[in-house]
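What follows is each chain in one-letter form.
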Amino acid sequence: MDTANQKATVVKLRLPNPCGAHVLARALKRHGVEVLFGQSLPSALLLVIAEFGMRQIAYRTENAGGAMADGYARVSQKVAVVTAQNGPAAALLAPALAEAYKASIPILAIVQDVGRNQTDKNAFQELDHFDIFRGCAKWVKRVAEMSRIEDYVDMAFTAAASGRPGPVVLLFPQDLLLEAAPPGLQEQRAVSLGTYPLDRSMADPARVVEAAKLLAAAKYPLIVAGGGVHLSGAHEVLAELQEAASLPVATTSMGKGAVAETHALSLGVIGYFMGTRGMARHMRELVDRADCVLFVGDRTNQNGTDSWTLFPKAAKYIHIDVDSLEVGRNYEALRLVGDAKITLNALSDAMACMDLSVRKAARVEVEQKIAAGKKAFQAEADAMLESDAVPVRPERLMNDLRGVMTSNAHGVQIVTDASYSSIWAMNYLTAEYPGQRFLTGRGLAGLGWGFPAAIGAKIAYPEREVICITGDGAFAHMWSELETAVRMKTKVILILLNNQILGYQWHAEEVMYGGHTDACQFAPVDHAAIARACGCEGVRIEKPADFKVALGRAMRSSQTTLIDVMIDPKAYPPITLYEGKMSAP
């Protein structure tokens with residue numbers, strides 16, 4: 001098999017034909033699966049998938065493979081499939097599934113287990129996989145019989161893609177995959193369950209009308225859009241509601257792009273980074289005065305609410321979410337439990353029947369305040385956005401990057417790692433139109449997610465330029481996947497913010513404890529050299545003027561390029577925790 005292009009070759013395998021692996025592969029194909037992110041196990045499955053027109057994306061580490069599947073699922077709107085061996089490999093997969101679990105991303109993890117007659121005999125790498133995955137998956141099952149393989153595959157896709165999406169795990173004993181399939185076990189099924197949302201449910205119509213009345217009558221309404229808007233594909237409906245009903249919209253980090261941030265009624269990303277030089281800092285008044293807040297697909301988590309201090313206690317709340325447990329979790333709300341897209345559609349229809357004169361009369365004043373806030377932000381941040389300082393300011397990099405984001409006919413997909421990388425992007429890059437062009441691992445926000453997720457995003461949409469923004473601390477978790485990008489001929493542009501420290505940890509510890517731990521500072525690393533050693537292009541940037549040139553060259557190249565930018569270790573983003581406690585950046 002050609003490992004770069006995954007072309008099928010005629011190989012006589014020492015496997016029964018058909019066997020359990022064929023039955024499983026056939027079921028995956030029926031659900032629209034085109035790629036499997038997997039290393040060498042389950043070998044039987046990965047050896048036969050080419051017969052069904054599927055290909056293997058071989059990662060180097062399981063946590064990276066899970067992140068690749070995550071990025072793929074977010075961009076493709078399909079349930080992604082990742083595979084792993086039992087034991088230590090399965091344990092390494094758990095962190096990636098935990099991110100997907102918290103971020104509601106549908107992934108099917110197929111984990112090879114020990115043979116059925118070896119269970120509980122201390123077989124090689126035997127482990128209790130149910131305990132490993134119970135806290136990071138919606139559903140975990142072990143398939144024990146050939147006749148039930150398709151049943152369990154169908155259930156797995158249904159569990160992953162229905163309701164609140166999330167990762168699921170199927171455990172396959174090795175001997176089951178090798179077992180010859182009986183002649184009568186022929187495919188009888190045609191249903192395909194591999195896209196999400198699988199089933200859409202609408203909130204109670206009476207409550208939708210009640211919500212429409214509240215929004216129409218409110219003096220200072222505000223919509224807050226979370227990542228659920230993207231999961232539901234509801235961004236166009238939300239944009240139409242914003243315009244038709246004259247409603248101001250803010251987003252969370254994962255909701256960035258739910259509406260165009262260039263719209264006159266868009267506040268941008270709000271949350272815990274509305275401090276000095278933050279894009280939404282001067283929108284605070286619009287948040288603080290809100291008398292009716294509509295959350296859409298929003299977990300109302302700590303970061304998105306600035307530790308639950310952001311919204312007025314006296315406001316009335318409406319909450320649209322497919323997960324009833326999230327509705328009213330932190331803010332008592334009118335409950336609209338249902339799919340974001342069709343519930344917003346119903347809400348738009350209900351509001352169209354309302355008297356919207358209050359909304360229309362207030363629109364000019366709201367737009368003026370938003371425009372003034374954006375102007376104030378620009379004035380406050382301008383010195384950093386245009387800075388020629390050395391070491392380089394991250395704000396300057398984001399400003400230069402923003403200028404090329406529409407240069408590709410298919411647009412540019414931004415993928416950010418956790419920590420400061422995501423905050424720089426959320427504040428200083430602009431979502432110019434509705435759609436999921438910003439991926440950020442904010443489910444659990446573990447370091448290292450960004451680069452492999454970017455590989456998965458590129459595989460899902462190869463025509464689109466994919467740019468990953470990461471830090472030196474995060475990238476150290478995933479250096480090995482440079483070889484994966486080369487081998488799989490998957491081009492990603494890496495912008496590595498290299499300050500030789502764990503920036504968030506350093507600065508937060510200084511603010512909270514008056515000192516920082518030894519783990520916060522790194523020895524110098526030449527990341528560009530590492531990239532070149534793996535067969536990628538690598539360039540080191542020390543002056544801000546050189547970045548845009550390197551970025552342009554990377555965008556014209558067909559290879560993965562790592563741009564290692566030496567940034568100011570004193571630079572910190574506009575986190576509210578730091579206000580008044582840090583020296584001027």
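Residues numbered from 1 in each chain as written. Predicted model: local features only at pLDDT ≥ 70, side-chain atom pairs only at ≥ 80, totals over all residues. Heavy atoms only, no water.

1. Considerations on the nonpolar core
Worth spelling out the cut-off: Here, nonpolar core means buried Ala, Val, Leu, Ile, Met, Phe, Trp, Tyr and Cys residues that are tied together by side-chain atoms lying within 4.5 Å of each other. Relative accessible area decides the class of each residue, using a 1.4 Å probe on protein chains only: under 20% of the type maximum gives buried, over 50% gives exposed, and in between gives partly exposed. In what follows, residue pairs with any heavy atoms lying within 4.5 Å of each other are defined as contacts.
Counting 95 residues, the largest nonpolar core has Leu 28, Phe 37 and Leu 108 as its most contacted members. With residues near it in sequence (within four places) discarded, Leu 28 still touches Val 33, Leu 36, Leu 45, Met 54, Leu 108, Ile 110, Val 153 and Phe 157. Ranked by size, the runner-up nonpolar core spans 66 residues in total, among them Val 287, Leu 385, Trp 424 and Ala 550.

2. Concerning the pairing of strand β10 (residues 292-296)
Rule in force here: Numbering of helices and strands runs from the N terminus; a helix is a DSSP stretch of H or I covering at least four residues, while a strand is a stretch of E covering at least two. Pairing between strands requires that DSSP locate at least two bridges from one strand to the other.
Of all 5 residues in β10, 5 are buried; the element is thus mostly enclosed. Residues of β10 alternate between two faces, with Cys 292, Leu 294 and Val 296 on one and Val 293 and Phe 295 on the opposite face, all of them buried. Two strands pair when backbone bridges link them, and strand β7 (residues 221-225) and β10 are joined in this way by 5 bridges, in the parallel orientation. Across the sheet, residue Leu 222 finds its bridge partner in β10, namely Val 293.

3. Some words on the packing of aromatic side chains
Threshold: Here a Phe, Tyr or Trp ring, Trp counted by its six-membered ring, pairs with any other such ring whose centre lies within 6.5 Å, and the pair is stacked when the planes are under 30 degrees apart, edge-to-face when over 60, and tilted otherwise.
By the definition in use, this model includes 13 aromatic pairs. Relative to Tyr 72, the ring of Phe 37 lies with its centre 5.6 Å away and its plane at 70°, an arrangement referred to as edge-to-face. Placement of the pair is Phe 37 in strand β1 (residues 35-37) and Tyr 72 in helix α3 (residues 62-76), with a sequence separation of 35 residues. Both residues of the pair, Phe 37 and Tyr 72, belong to the buried class.

4. A look at the packing of α3 against helix α4 (residues 88-103)
Note the threshold: Axes, fitted as lines to C-alpha atoms, cover a helix only where it is in contact. Angles between the N-to-C directions of the axes lie from 0 to 180 degrees. Roughly parallel means an angle under 35 degrees; roughly antiparallel, over 145; roughly perpendicular, 65 to 115; everything else is oblique. Definitions for this section: a left-handed crossing has its near helix turned counterclockwise from the far helix by less than a right angle. A right-handed crossing has that turn clockwise. Each residue is assigned to one of three groups, with Ala, Val, Leu, Ile, Met, Phe, Trp, Tyr, Cys and Pro labelled nonpolar, Asp, Glu, Lys and Arg labelled charged, and all others, Gly among them, labelled polar.
It is at 7 Å that the axes of α3 and α4 come closest, and there the two elements cross at 30°. Considered as vectors, α3 and α4 are oriented roughly parallel to each other. Here α3 runs over α4; the crossing is right-handed. Of α4, the residues touching α3 (which contributes Glu 62, Asn 63, Gly 66, Ala 67, Asp 70 and Arg 74) are Ala 89, Leu 92, Leu 93, Ala 96, Glu 99, Ala 100 and Ala 103. A per-class count over the contact of α3 with α4 returns 7 nonpolar, 2 polar and 4 charged.

5. Structural notes on a nonpolar patch on the surface
Operational definition: For patch building, the residue pool is restricted to those with more than 30% relative accessible area and no salt bridge; the joining distance is 9 Å between like charges and 5 Å between nonpolar side chains (Val, Leu, Ile, Met, Phe, Trp, Tyr). Accessible surface is estimated by sampling points in the Shrake-Rupley manner with a 1.4 Å probe; for residues, cover comes only from the protein chains shown. Just to be clear on terms, a salt bridge is a Lys or Arg side-chain nitrogen sitting within 4 Å of an Asp or Glu carboxyl oxygen.
Among the surface-exposed residues, Met 512, Tyr 513 and Leu 577 lie close enough to one another that they form a single nonpolar patch of about 340 Å² accessible area. Note on placement: Met 512 falls in helix α19 (residues 503-513).

6. Quick look at the pairing of strand β17 (residues 537-541)
Selection rule: By definition, the crossover connecting two strands over a helix is right-handed if that path, from the first strand to the second, turns clockwise as seen with the strands pointing away from the viewer.
With 5 bridges joining them, β17 and strand β18 (residues 561-566) adopt parallel strand pairing. Looking across to β18, one finds that Gly 538 is bridged to Leu 562. In this fold, β17 hands off to helix α21 (residues 544-556), which returns the chain to β18; that crossover is right-handed.

7. Here we look at the sheet that holds strand β14 (residues 438-440)
Within the open sheet, the 6 strands sit side by side as β14-β13-β15-β16-β18-β17. Their pairing is parallel. The two strands at the open ends of the sheet, each matched to only one other strand, are β14 and β17. Pairs of neighbouring strands in the sheet enclose a mean axial angle of 20°, with direction left out of account. Here strand β13 (residues 412-416) runs beside strand β15 (residues 465-471); their pairing, made up of 5 bridges, is parallel. Across the sheet, the residue bridging to Val 412 is Glu 465, located in β15. Contacts from helix α15 (residues 420-428) reach β13, β14, β15 and β16 (493-498), with the element oriented near 125° to β15.

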